[in-house]
Amino acid sequence: MSDAKPAVGIIMGSRSDWPTLKAAADVLDTLRVPYETKVVSAHRTPKRLYDYASTARDRGLKVIIAGAGGAAHLPGMTASMTELPVLGVPVESRTLKGLDSLLSIAQMPAGVPVGTLAIGEAGATNAGLLAAGILALGDASLATRLAAWRAAQTASVAEALEDNA
């Protein structure tokens, strides 16, 4: 996003997950929250995942958004290796349309929490908003930007159908 030190990490199991997770990045861009993006596969690059998750706090990250399809191990494995909040975004899969991913992320054992969002772009958008909300607890300027974003969203909803106005 910018040269500012990233506060949010957006990770995905493969580059094909980016069209979904870009929705989280778009929200963070709008709210001027610095983030980084990485491809980190729980299955194909386990050492990269370990290095990423175990050093996330020391590198200045405060929240991690992890998107994954299919078996969706990335959010849970990430959460097992960091104390940072991990927000899991189920990416729609070809076989079960993301239901497999959603159930996999939602079924974390007690003691290893992952905030589980909706399947697809809606979940990614909300992950960006949740990450911003978490950060806004300690950042008054971001809290103001987030409140303005929400007010604009509310104002954009028409009260009546145009035909009945």
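Residues numbered from 1 in each chain as written. Predicted model: local features only at pLDDT ≥ 70, side-chain atom pairs only at ≥ 80, totals over all residues. Heavy atoms only, no water.

Here we come to the overall build of the chain. Scanning the chain from N- to C-terminus turns up six helices and five strands. Scanning the chain from its N terminus toward the C terminus, one meets helices and strands in the order β-α-β-α-β-α-β-α-β-α-α. Seen along its three principal axes, the alpha-carbon backbone of the chain occupies a region of about 55 × 40 × 30 Å. Put simply, the chain has 165 residues, and 42% of those count as buried. A sequence separation of at least 24 residues applies to 66% of the contacts in the chain between residues at least 6 apart. Separation between the mean location of the 15 positive side-chain charges and that of the 15 negative ones in the chain comes to 9 Å. (Helix = DSSP H or I, 4+ residues; strand = E, 2+ residues; numbered from the N terminus. Buried < 20%, exposed > 50% of the residue type's maximum accessible area, 1.4 Å probe, protein only. Contact = heavy atoms within 4.5 Å. Lys, Arg positive; Asp, Glu negative; His and termini not counted. Charge placed at Lys NZ, Arg CZ, Asp CG, Glu CD.)

Tracing the sequence through the fold places Thr78 in helix H3 (residues 73-80). In this structure, Thr78 is in contact with Ile11, Leu49, Ala53, Ile64 and Val86, ignoring residues within four places of it in sequence.

The next thing to look at is the layout of surface pockets. Looking at the largest pocket, its volume works out to about 380 Å³. In terms of lining, the largest pocket is formed by 20 residues, of which the most central are Ser14, Ser16, Asp17, Gly69 and Gly70. Of the residues assigned to the lining of the largest pocket, the class counts are five nonpolar, ten polar and five charged. (1 Å grid on protein atoms, 1.4 Å probe; cavity = no way out; pocket = protein on both sides within 12 Å on 5 of 7 lines; lining within 4 Å. Points joined across faces, edges and corners; volume = space filled by probe spheres on them. Nonpolar A, V, L, I, M, F, W, Y, C, P; charged D, E, K, R; others polar.)

Right, let's get into the side chain of Thr45. Its location among the elements puts Thr45 in the loop between strand S2 (35-39) and helix H2 (46-55). Engagement of the side chain of Thr45 in a polar contact is seen with the backbone nitrogen of Ser41, the distance being 2.8 Å. (Polar contact = N/O pair within 3.5 Å; in protein donor to acceptor, adjacent residues only side chain to side chain.)

Using the criterion set out here, one finds four salt bridges in the structure. The residue Lys47 makes a salt bridge to Asp51 at a minimum N-O spacing of 2.9 Å. Taken together, the residues Lys47 and Asp51, both in helix H2 and four residues apart, mark about one turn of the helix. Overall, the relative accessible area of 32% leaves Asp51 in the partly exposed class. Two residues, Glu83 and Arg57, come together in a salt bridge whose shortest N-O distance is 3.7 Å. (Salt bridge = Lys/Arg side-chain N within 4 Å of Asp/Glu carboxyl O.)

A few words on unusual backbone geometry. Positive phi outside glycine occurs at Arg32, with the angle close to 60°. Among the secondary structure elements, Arg32 is positioned in the loop between helix H1 (18-30) and S2. One non-glycine residue, Lys97, lies in positive phi territory at about 60°. Assignment of secondary structure puts Lys97 in the loop between strand S4 (86-90) and helix H4 (99-106).

Looking at where Arg57 falls in the secondary structure, it is placed in the loop between H2 and strand S3 (63-68). Of the residues examined, Arg57 reaches a relative accessible area of 47% and is grouped as partly exposed. Residues Arg57 and Val40, spaced 17 residues apart in sequence, show a C-alpha to C-alpha distance of 17 Å. Apart from the residues lying within four places of it in its own chain, the contact partners of Arg57 are Glu83 and Leu84.

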